[in-house]
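Commentary on secondary and tertiary structure
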Amino acid sequence: DLNIEDGNLKIGTGGHGIDFSTTSDTGGMTSELLDDYEEGTWTPTWYGSSSGSGTTFSTSSNYATYVKIGKIIHVRAWAVFTNKNSATGNFYMGGLPFSNNGSYNVTSNVRIDNYASGGDYNGEHATVYFADGSTVTYWQHQDDDGTVMNIDVDDINANANIMFNATYEDWA
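Attention here is on the structure that accompanies the text. (Residues numbered from 1 in each chain as written. Predicted model: local features only at pLDDT ≥ 70, side-chain atom pairs only at ≥ 80, totals over all residues. Heavy atoms only, no water.)

1. A few points about the overall build of the chain
Assigned secondary structure in the chain consists of 0 helices and 12 strands. Put simply, the chain runs from its N terminus to its C terminus through helices and strands in the order β-β-β-β-β-β-β-β-β-β-β-β. A total of 172 residues make up the chain; the buried ones form 32% of that total. As displayed, the chain has an accessible area near 9900 Å², and 45% of this comes from carbon and sulfur atoms. (Helix = DSSP H or I, 4+ residues; strand = E, 2+ residues; numbered from the N terminus. Buried < 20%, exposed > 50% of the residue type's maximum accessible area, 1.4 Å probe, protein only. Areas by Shrake-Rupley, 256 points an atom, 1.4 Å probe, with all protein chains shown as cover.)

In structure tokens, the structure reads:
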């Protein structure tokens with residue numbers, strides 16, 4: 001047994017961590033080494049696909065945090081928009097702290113208040129897709145007839161509020 005009365009346990013070299021290999025395995029297990037933990041903040045960028053990431057929405061609040069445990073990243077973001085700044089095309093969010101795994105698309109549900117002009121979608125939940133191997137997400141919603149459509153920048157009010165939570169796997 002290792003007992004630390006005060007202070008931290010530091011792993012001195014990369015690629016090492018806490019080894020759980022003495023535990024029971026299930027079929028398909030590929031690693032039992034917990035080799036990373038990190039938490040911090042990140043800055044989302046909100047933009048339209050046609051105008052590119054150089055034309056970002058202005059925000060009065062744009063707060064985001066993450067926790068990374070091994071290869072799994074949990075992200076949270078909250079933004080209050082003040083201006084779309086001529087952004088056009090599909091609604092995107094970039095700037096995730098780590099790239100998506102790249103072997104599959106990840107989806108997550110989010111809530112958008114003041115979503116569409118006319119209030120048709122106010123308080124609606126949308127689906128966020130993490131592009132393979134990327135730090136960019138694109139957003140979709142389901143119409144009343146069940147059709148899944150990309151959310152367009154025109155669907156977002158200039159003063160929309162967005163609350164976002166998602167979990168995905170790191171590219172590394």
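2. Here we look at the pairing of strand β6 (residues 72-83)
Summarising the sheet, strand β5 (residues 58-69) and β6 pair through 11 bridges and their orientation is antiparallel. Bridging from a neighbouring strand, Tyr66 pairs with Val75 of β6. Taking the residues that link successive antiparallel strands as the turn, the β5-β6 hairpin has 2 residues, and the phi of Gly70 there is positive, at about 65 degrees. Bridging between β6 and strand β12 (residues 161-169) involves 9 bridges; their strand directions are antiparallel. Within the sheet, the bridge partner assigned to Ile72 lies in β12 and is Glu169. (Pairing = 2+ DSSP bridges.)

3. Thoughts on the nonpolar core
Ranked by internal contacts, the top residues of the largest apolar core, which has 29 residues, are Trp42, Trp46, Val75, Phe81, Phe91, Trp139 and Phe164. Secondary-structure elements contributing two or more residues to this core are β5, β6, β7 (91-94), β8 (106-113), β9 (124-130) and β12. For this core, the element with the most residues is β6, which contributes 5 residues. (Core = buried A, V, L, I, M, F, W, Y, C linked by side-chain atoms within 4.5 Å.)

4. Quick look at a nonpolar patch on the surface
A surface patch of nonpolar side chains, amounting to about 470 Å² of accessible area, comprises Ile18, Phe20, Leu34, Tyr37 and Ile69. By secondary structure assignment, the location of Ile69 is in strand β5. (Patch = residues over 30% accessible without salt bridge, like charges linked within 9 Å, V, L, I, M, F, W, Y side chains within 5 Å. Salt bridge = Lys/Arg side-chain N within 4 Å of Asp/Glu carboxyl O.)

5. Thoughts on the layout of surface pockets
Empty space left among the atoms is revealed by rolling a probe the size of a water molecule over them. Taken as a whole, the largest pocket holds about 230 Å³ of empty space. Surrounding the largest pocket, 12 residues form its lining, Ser31, Leu33, Asp35, Gly70 and Lys71 being those nearest its centre. A class-by-class count of the residues in the lining of the largest pocket yields 4 nonpolar, 3 polar and 5 charged. (1 Å grid on protein atoms, 1.4 Å probe; cavity = no way out; pocket = protein on both sides within 12 Å on 5 of 7 lines; lining within 4 Å. Points joined across faces, edges and corners; volume = space filled by probe spheres on them. Nonpolar A, V, L, I, M, F, W, Y, C, P; charged D, E, K, R; others polar.)

6. A short note on the packing of aromatic side chains
Applying the stated criterion to the full structure yields 14 aromatic pairs. Seen from their ring centres, Trp46 and Phe91 are 6.0 Å apart, and the 15 degrees between their planes marks the pair as stacked. Of this pair, Trp46 sits in strand β4 (residues 45-48) while Phe91 sits in strand β7, and the two are 45 residues apart along the sequence. Note on Trp46: relative accessible area 1%, which makes it buried. An aromatic cluster of at least three residues, connected via ring pairs, comprises Trp46, Phe57, Phe81, Phe91, Phe130, Trp139, Phe164 and Tyr168. A cation over an aromatic ring shows up here: Lys68 above the ring of Phe98, its NZ or CZ 5.3 Å from the ring centre. (Phe/Tyr/Trp six-rings, centres within 6.5 Å; stacked < 30°, edge-to-face > 60°. Lys NZ or Arg CZ within 6 Å of the ring centre and 35° of its normal.)

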